[in-house]
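# Coordinate inspection notes
These are the residues of each chain, in order.
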Amino acid sequence: MGKRIAIYPGTFDPITLGHLDVVERGTKLFDKVIVAITTNQKKKPLFSMKERLVLAKEAFKKYPRVEVDSFNTLLVDYAKKKRCKVILRGLRELSDFEREFQHAIVNRKLAGSTETVFIMTSAKYFYLNSSVVKEVASLGGKLDCFVPKAVEAALRKKFRK
Ligand code: ADP
């Protein structure tokens, strides 16, 4: 049997401990998890693609079965290129569900063999997303319980007056 690979796509602007938790769980189910960062200009990211790549790579440097990459095409096309049929996503509150349901169905329509697998967040990261982290950072709040060290430093630098 070939290697079981999953792609975990997202904006990761920036990567948080919630994302790390999903990936960690993912590595228990798959031989390899590819953290795939999308350009996502619609969201007007705070961090450039280069910065997001550096921060994600730093966060997963101790995980030999995690690869960090970027893509700017349709997700299903990227998945085909990587010869991967599984898309991994995290789920938190109910509002995630509606959006994720839509994405999963559209991706299945675009590429019938693609399967989306959801991993439920830990209770302690239920509230956590990149937007909240950026808001706290912009107001000078503490960040160590939300993001890895390198991300904390990068956020401080961005918001330094
Ligand atoms: P996107 O813009 O594609 O939603 P994000 O970087 O915001 O990208 O999120 C990537 C994935 O990680 C999504 O599936 C999202 O639901 C999931 N995710 C984000 N934060 C958490 C968290 N705290 N717990 C579980 N899943 C999360």
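Right above here is the structure, for reference.
### Some points on unusual backbone geometry
Omega for the bond connecting aspartate 13 with proline 14 falls within 30 degrees of zero, at -5°, which places this linkage in the cis form. Along the chain, proline 14 turns up in the loop between strand 1 (5-10) and helix 1 (17-29). Of note, lysine 44 is a non-glycine position whose phi angle comes to about 45°, a positive value. Overall, the relative accessible area of 70% leaves lysine 44 in the exposed class.

### Some remarks on helix 1
Compared with an ideal rise of 1.5 Å per residue, which puts 13 residues at 18 Å, helix 1 spans 19 Å between its outermost C-alpha atoms and is within 8% of the ideal. Looking at where helix 1 begins, the residue whose side-chain oxygen comes 3.1 Å from the main-chain nitrogen of glycine 18 is threonine 16.

### Side note on the nonpolar core
Residues Tyr8, Ile15, Val35, Phe60, Leu88 and Leu155 are the most contacted members of the largest nonpolar core, which totals 34 residues. Those residues in contact with leucine 155 that sit more than four places away from it in its chain are Pro14, Leu46, Phe47, Val133, Lys134, Ala137, Leu143 and Val147. Membership of the second largest hydrophobic core comes to 10 residues, among which are Ile5, Ile34, Leu75 and Ala79.

### Describing the site of the ligand
Taken together, 19 residues sit near the ligand, with Tyr8, Thr11, Lys43, Gly90 and Tyr125 positioned nearest. At 2.4 Å from an oxygen atom of the ligand is found a side-chain nitrogen or oxygen belonging to lysine 43. Between an oxygen atom of the ligand and a side-chain N or O atom of arginine 99, the distance comes to 3.1 Å. The fraction of the free accessible surface of the ligand (550 Å²) that becomes covered by protein chains is 93%. Secondary-structure elements contributing two or more residues to the shell around the ligand are strand 1, helix 1, strand 4 (86-91) and helix 4 (94-110). Taken together, the residues of the shell around the ligand sort by class into 6 nonpolar, 7 polar and 6 charged.

### Describing the pairing of strand 3 (residues 66-71)
One ladder, built from 6 bridges, connects strand 2 (residues 32-38) with strand 3; its direction is parallel. The residue bridging alanine 36 from the neighbouring strand is aspartate 69, located in strand 3. Remark: the strand 2/helix 2 (residues 49-59)/strand 3 crossover connection has right-handed handedness.

Definitions and limits used
Residues numbered from 1 in each chain as written. Predicted model: local features only at pLDDT ≥ 70, side-chain atom pairs only at ≥ 80, totals over all residues. Heavy atoms only, no water. Helix = DSSP H or I, 4+ residues; strand = E, 2+ residues; numbered from the N terminus. Buried < 20%, exposed > 50% of the residue type's maximum accessible area, 1.4 Å probe, protein only. Expected span 1.5 Å × (residues − 1). Polar contact = N/O pair within 3.5 Å; in protein donor to acceptor, adjacent residues only side chain to side chain. Core = buried A, V, L, I, M, F, W, Y, C linked by side-chain atoms within 4.5 Å. Contact = heavy atoms within 4.5 Å. Near = heavy atom within 4 Å. Areas by Shrake-Rupley, 256 points an atom, 1.4 Å probe, with all protein chains shown as cover. Nonpolar A, V, L, I, M, F, W, Y, C, P; charged D, E, K, R; others polar. Pairing = 2+ DSSP bridges. Right-handed = clockwise from strand over helix to strand, strands pointing away.

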